[in-house]
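Analysis of the macromolecular model
Residue-level listing of the chains:
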Amino acid sequence: METATTSAARYSRGAIILHWLIAVLIILNVTAAWVSEDMPKPDRAMIMGNHKAIGITILLLTVLRIVWRVAHRPPAMIETLKAWEAALARVTHVVFYFLMLAIPLSGWAMSSAFGKGKGVSIFGLFTMPALPVAYDKPTAEMFAEMHEVLATLMLVLFALHVAGALKHQFLDRDGSLRRMVPWLP
Ligand code: HEM
Ligand code: HEM
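Residues numbered from 1 in each chain as written. Chains lettered and ligands numbered in written order. Predicted model: local features only at pLDDT ≥ 70, side-chain atom pairs only at ≥ 80, totals over all residues. Heavy atoms only, no water.

1. Some points on the overall build of the chain
Basically, it comes down to this: A run of DSSP states H or I qualifies as a helix once it reaches four residues; a run of E qualifies as a strand once it reaches two. Both are numbered from the N-terminal end. We call two residues contacting when some pair of their heavy atoms lies within 4.5 Å. Note on areas: Shrake-Rupley with a 1.4 Å probe; residue coverage comes only from the protein chains shown.
What the chain contains, in helices and strands, is four helices and two strands. Reading the chain from its N end, one meets helices and strands in the order α-α-α-β-β-α. Dimensions of the chain, computed from C-alpha atoms along their principal axes, come out at roughly 55 × 35 × 30 Å. Sequence separation of 24 or more characterises 73% of the internal contacts of the chain that already satisfy a separation of 6 or more. Surface exposure of the chain reaches about 11200 Å², of which carbon and sulfur atoms provide 72%.

2. Observations regarding the site of ligand 1
Test applied: A cutoff of 4 Å decides nearness: a residue is near a molecule or strand if any of its heavy atoms lies inside that distance of it. Here a polar contact is taken to be a pair of N or O atoms separated by no more than 3.5 Å, where protein atoms must pair a possible hydrogen donor with a possible acceptor and residues adjacent in sequence count only if both atoms sit in side chains.
Near ligand 1, the surroundings consist of 21 residues, among which Arg44, Met48, His51, Gly107 and His147 are the closest. A distance of 3.1 Å separates an oxygen atom of ligand 1 from a polar side-chain atom of arginine 44. Between histidine 147 and ligand 1, the recorded distance is 2.8 Å, taken from a side-chain N or O atom to a nitrogen atom. When residues of the shell around ligand 1 are assigned to their parent elements, the largest contribution, seven residues, is made by helix α2 (residues 41–71).

Purely spatial values, then, with no claim about function.
This is the structure in C-alpha cells:
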C-alpha cells in the first residue's frame, strides 16, 4: 500500500539518493563498456576491471534499495495519471528492479566462468568470490549473451522512462519529476 495521493508527495531522501546514485553508476558502466570496446587490450582490461567493480557495487546498492523501499512506502502515484500510464510506469519500475539485479549477476557469472573461478576485485579493497557456475567457455558465452541482451533491454526501458519523466514534466506539467528531484519547486 502507498501513503499520499498528491504530486506534492516526494520519495524519501534515501530512495532519492539511491535512485540517482544507481542511475549515474549504470550510465557510467554502460559508457565504460562501450568506449573501451576498441581500445588496446591493457586499457580495455583496466576499464573492464572498474566496470566489474562498479557493477557489483550497483548490485549491492540495489539490494539496499529494495530493502529501503520495503521499509519506506513510496508516495502514491499521481491521481491525474491515466490507468495505462500508471500501469506502464509500474511495469517499467518492476522490470528495472529485475534488471538492476539480473545484469550484474549475469556479468558476475560470466566473469566467474571466463576467469575459471577467479573472484572479482572491488577496487583492490576486497574480492567477491566467483559464483558457482560451470567454469567453461560455453557457460561464459551464454552469460555474456544474457548480459548483452538484458543491458539492451535496460536501454530501451531507460529511453521510455526518461521520455515519460520529460512528458510529465513539460507537457502534462503534473509535477511528477519533483517527486524524485528534491530541488525542483
Ligand atoms: C548494472 C551493472 C552493469 C551494466 C549496466 C553492464 C553493462 C554492460 C554492457 C552494456 C556491456 C557491453 C555488452 C556488449 O555490447 O557486448 C557489458 C559488457 C561486459 N560486462 Fe557488464 N554491466 C554491468 C555489470 C557487470 C558486472 C557486475 C560484471 C562482472 C563482474 C560485468 C562484466 C562485463 C564483461 C566481462 C563485459 C564484456 C563482455 C564481452 O566482451 O563479451 N558487468 N556490460
Ligand atoms: C538507468 C537509470 C535509471 C533507472 C534504473 C531508474 C529507475 C527508476 C525506478 C526503479 C523508479 C521507481 C522507484 C520506486 O517506486 O521504487 C524510478 C522512479 C523515477 N525516476 Fe528513474 N531511473 C533512472 C533514471 C532516471 C532519469 C534519468 C530520470 C529523469 C530524467 C528519472 C526520473 C524518475 C522519476 C521522476 C521517478 C518517479 C516516478 C514517480 O512519480 O513515481 N529516472 N526510476
